[in-house]
Amino acid sequence: MTPDWALYTDLYQLTMAQGYWACGKLEDRASFTMSFRDYPFKGGYAIACGMEQLAQILEGYRFSDDDIRYLRSVEAPDGSPLFDAAFLDFLGSLALTVDVEAVAEGTVVFPYEPIVRVDGPILQCQLLETVLLNCVSFQTLIATKAARICRAAAGKPVAEFGLRRAQGTGGLWASRAAYVGGCASTSNVLAGKLYGIPVSGTHSHSWVMSFPDELTAFREYARAFPANCTLLVDTYDVEEGVRNAITVGREMRERGERLGAIRIDSGDLAWLARRARTMLDAAGLPEVGIVLSNDLDERTVESIMDEGAPVDAWGIGTRLSTGYDQPTLGGVYKLSAVKAAGSDAWEDRLKISESVAKLTTPGVLNVRRYFDDDGCVAGDMVFDVNSGVDGSEVIVDPMDPLRQKQLAGKRCEVLMQPFFRDGVRVCDGAFTEAGAARVRAREQLATLDETQLRMLNPHTYPVGLERGLHERRQSLVAQLRSIDRG
């Protein structure tokens, strides 16, 4: 069943839409930007993801006759219809005409910089808020988690197999995002079909338990799948399981086949991996790999690797696919500029809060990324596309104006590129295709300094406002708070 994306929203998006319709704002235009406020998992970066699903949502966005019938049935607290009948007729014929800029999937991104911008009729921009945040925030979170785990694995392949523990059908998006973040494969067969991701998996403990003994279970599995045989050895006792796997491995060799690996899913994984490696090598089976699993994340993987455990591959489930230690990215979608019907001029809009972290940035925004001569990233500048950038190319930290950095003379590129124009997708497939995004993420992570990649207390990457934009924001804050800056 294809989701009803137009109704995949919060009610207040629809009530605001009726308000815009009722007060004559249909021709007013707006610019909204999506960003996030803090580094996920206390790390030093995030991996943008979810743009392909966003594109599919936008391409199929419409209110069906059934949607409109449902909305006609929604009542206000006094029992009257919540929505005006003429407004619902308008929704029934609505076709998106928005322009969208976005970063390519797999791009390394940072807090307080826009990663998606939606420009167009304010009513349409408003309707897209919830579904955009739901789609992009979750997948960016999981892609980032996957990148951290794969970095801890130090080049050893990581298989994602968290579908059984994922939050409902969100497991599909999680599997795709994990692949973009660097995982080599997924256990999720539907994700493999839909997104072109390699699938992997062999058997569980129930296979072993269904036979009278472990050796028989291993032999039968090896006969059924001689070219895809990884044996799970911890159903009863790991060392005995390894001995049984050795027996089957020798029998497979005599048949001209090969035991691919054993998997350990419980116990002291580092110690058991070393013990299993010793036993396999002594038995003349050095080619048999060792796969470890069991509620792992980047920190446990890093710890096991630091102990020198002989691991050939990893299986990561719950703590990857659920974003276990941080359930949300905290993405926000904020109005930053408006343009009245018939006007050519954009007007700044700004949200003021008692918390400086929630102070928004005005303008029609994009991001410049600057590079040092060695190809490493030097800093990101948030700028207003209608005002440009002054020659000094200084960025000002939005959280601390005393922190500034000059980027003049460095090579730069604009991060957000045309994604949709007048409601029509305009980017090529490489912009969002999962395999291309996976390669992009790997390449972009290589441009970060080691201090930004470390797990514990990573160095903060410089992201700031273009100096003129910073000064404009400060003036607008003073104006809205009636502060005399003279």
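Cut-off values and rules
Residues numbered from 1 in each chain as written. Predicted model: local features only at pLDDT ≥ 70, side-chain atom pairs only at ≥ 80, totals over all residues. Heavy atoms only, no water. Core = buried A, V, L, I, M, F, W, Y, C linked by side-chain atoms within 4.5 Å. Buried < 20%, exposed > 50% of the residue type's maximum accessible area, 1.4 Å probe, protein only. Helix = DSSP H or I, 4+ residues; strand = E, 2+ residues; numbered from the N terminus. Contact = heavy atoms within 4.5 Å. Pairing = 2+ DSSP bridges. Axes fitted to C-alpha atoms, helices over the stretch in contact; angles between N-to-C directions.

K.L.:
Help me out: how do you make sense of the nonpolar core in this one?
P.N.:
The tendency in soluble globular proteins is for nonpolar side chains to be buried side by side. Counting residues in hydrophobic clusters, the biggest one holds 137 residues, and the most contacted among them are Phe-63, Leu-91, Val-116, Trp-314 and Phe-419. At 14 residues, the largest contribution of residues to this core is made by helix α6 (residues 129-152). For Phe-63, the residues in contact, after removing those within four places along its chain, are Ala-6, Leu-7, Leu-14, Ile-68, Leu-71, Leu-91, Gly-92, Leu-94 and Leu-127. Core analysis: the next-biggest nonpolar cluster, separate from the first, contains six residues, Tyr-370, Met-381, Phe-383 and Ile-395 among them.

K.L.:
Please explain the environment of Val-103 as it appears in this structure.
P.N.:
Along the chain, Val-103 falls in the loop between β3 (99-102) and β4 (108-109). The sequence separation of Val-103 and Ile-115 amounts to 12 residues, and the corresponding C-alpha distance is 5.6 Å. With sequence-adjacent residues up to four places away left out, Val-103 is seen in contact with Ala-48, Met-51, Val-109, Ile-115, Leu-415, Met-416 and Phe-431.

K.L.:
Just to check I follow, could you spell out the sheet that holds strand β13 (residues 347-348) for this structure?
P.N.:
Across a sheet, strands are paired by hydrogen bonds formed along the backbone, either parallel or antiparallel in direction. Ordered by their spatial adjacency, seven strands build an open sheet running β13-β12-β1-β5-β3-β19-β20, and the pairing between neighbours is antiparallel. The sheet is open, and its two borders are formed by β13 and β20 (424-425), each paired with just one other strand. With three bridges connecting them, β3 and strand β19 (residues 417-421) associate as antiparallel partners. Each bridged residue has a counterpart across the sheet, and for Ala-102 the counterpart in β19 is Gln-417. Strands β3, β5 (116-121), β19 and β20 of the sheet are contacted by helix α2 (residues 51-59), whose axis makes an angle of about 20° with β19.

These figures come from the coordinates and say nothing about function on their own.
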